[in-house]
Amino acid sequence: MDKELTVREAMLLVLDQSPQEFAQMKALFKQVSDAFDAADDQIGLQLISEKVFPMIRSLAAFCGTIFDYHLAILGDETGVRFCAALQRLHELLAELAEETGNGNFTEVGDILRFDFFDFITDLEALFPQLRACFVASAAPELECV
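Because the structure is predicted, anything quoted here is derived from the model rather than measured.

Trainee: Can you break down the overall build of the chain residue by residue, with the values?
Mentor: Along its length, the chain carries four helices and zero strands. Principal-axis analysis of the C-alpha atoms places the extent of the chain at approximately 55 × 40 × 20 Å. When the 145 residues of the chain are sorted by exposure, 39% land in the buried category. Taken as a whole, the chain presents about 8000 Å² of accessible surface, with 56% of it coming from carbon and sulfur. In the chain, 10 side chains carry a positive charge and 25 a negative one; their mean positions are 5 Å apart.

Trainee: Which residues make up the side chain of H70, and what are the values?
Mentor: Of note, H70 is situated in helix α2 (residues 41-70). A residue is classified by how much of its surface remains accessible, and H70, at 7% relative accessible area, is buried.

Trainee: Tell me about the packing of helix α1 (residues 7-37) against helix α4 (residues 105-136), and please be specific about residues and values.
Mentor: Contact geometry of α1 with α4 gives a least axis separation of 9 Å together with a crossing angle of 165 degrees. Classified by the angle their axes make, α1 and α4 are roughly antiparallel. The handedness of the crossing between α1 and α4 comes out as left-handed. Here the contact of α1 with α4 is composed, by residue class, of 20 nonpolar, four polar and ten charged.

Trainee: Kindly report on the pattern of salt bridges, identifying the contributing residues and their values.
Mentor: The tally for this structure, following the rule as stated, stands at nine salt bridges. Across the pair K30 and D34 runs a salt bridge whose closest N-O atoms are separated by 2.6 Å. Residue K30 and its partner D34 are located together in helix α1, separated by four residues, close to a single helical turn. A relative accessible area of 46% means that K30 is categorised as partly exposed. For D34, the salt bridge is made with R113, and the minimal N-O distance between the two is 2.2 Å. Here D34 is found in helix α1, whereas its partner R113 is found in helix α4, with 79 residues between them in sequence. Accessibility expressed as a relative area gives 30% for D34, which makes it partly exposed. Beyond isolated ion pairs, a larger network of salt bridges with shared partners links K30, D34, D37 and R113.

Trainee: Explain the packing of aromatic side chains to me, and be specific about the residues and the numbers.
Mentor: One pass over the structure, following the stated rule, counts five aromatic pairs. An angle of 50 degrees between the planes, with centres 5.4 Å apart, marks the rings of F29 and F116 as tilted. With F29 in helix α1 and F116 in helix α4, the pair connects residues that are 87 residues apart, well separated along the chain. This pair shows no difference in class: F29 is buried, exactly as F116 is. Grouped by ring-pair contacts, the aromatic residues F22, F62 and F127 constitute a single cluster. When the ring centre of F117 is taken as reference, the NZ or CZ atom of K26 above it lies at 5.0 Å.

About the thresholds
- Residues numbered from 1 in each chain as written.
- Predicted model: local features only at pLDDT ≥ 70, side-chain atom pairs only at ≥ 80, totals over all residues.
- Heavy atoms only, no water.
- Helix = DSSP H or I, 4+ residues; strand = E, 2+ residues; numbered from the N terminus.
- Buried < 20%, exposed > 50% of the residue type's maximum accessible area, 1.4 Å probe, protein only.
- Areas by Shrake-Rupley, 256 points an atom, 1.4 Å probe, with all protein chains shown as cover.
- Lys, Arg positive; Asp, Glu negative; His and termini not counted.
- Charge placed at Lys NZ, Arg CZ, Asp CG, Glu CD.
- Axes fitted to C-alpha atoms, helices over the stretch in contact; angles between N-to-C directions.
- Parallel < 35°, antiparallel > 145°, perpendicular 65-115°, else oblique.
- Left-handed = near helix turned anticlockwise from the far one by under 90°.
- Nonpolar A, V, L, I, M, F, W, Y, C, P; charged D, E, K, R; others polar.
- Salt bridge = Lys/Arg side-chain N within 4 Å of Asp/Glu carboxyl O.
- Phe/Tyr/Trp six-rings, centres within 6.5 Å; stacked < 30°, edge-to-face > 60°.
- Lys NZ or Arg CZ within 6 Å of the ring centre and 35° of its normal.

This is the structure we're talking about:
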């Protein structure tokens, strides 16, 4: 029988797996951008639909959970940085949706290759700080299953 994870253990598991996920995202962003650069819009759109949006939605859901339920655990400095990152994620998603809807696929590729890539790099640097906050916190809700 599998052991049920506490909230803390589940959060740490996701945070510990994030470097691999971030690497996959970055590679995927480049793949999509390359497809648009090569005027292979169908492949680019298919990758966005089947892979990019699901990965970004998962990331946004995870970050939203931290924001909704665990923001106080992060403390002031890390919390402010995290909130700014979450706001930037929402801005990038809106830009990506707008440019995709407008059929500006070269711009979509650029948003992924440059803006999203840089955002993921910054978020990747923030995640170890988030992890440290979850490890150090004495919040009782983190021990719930």
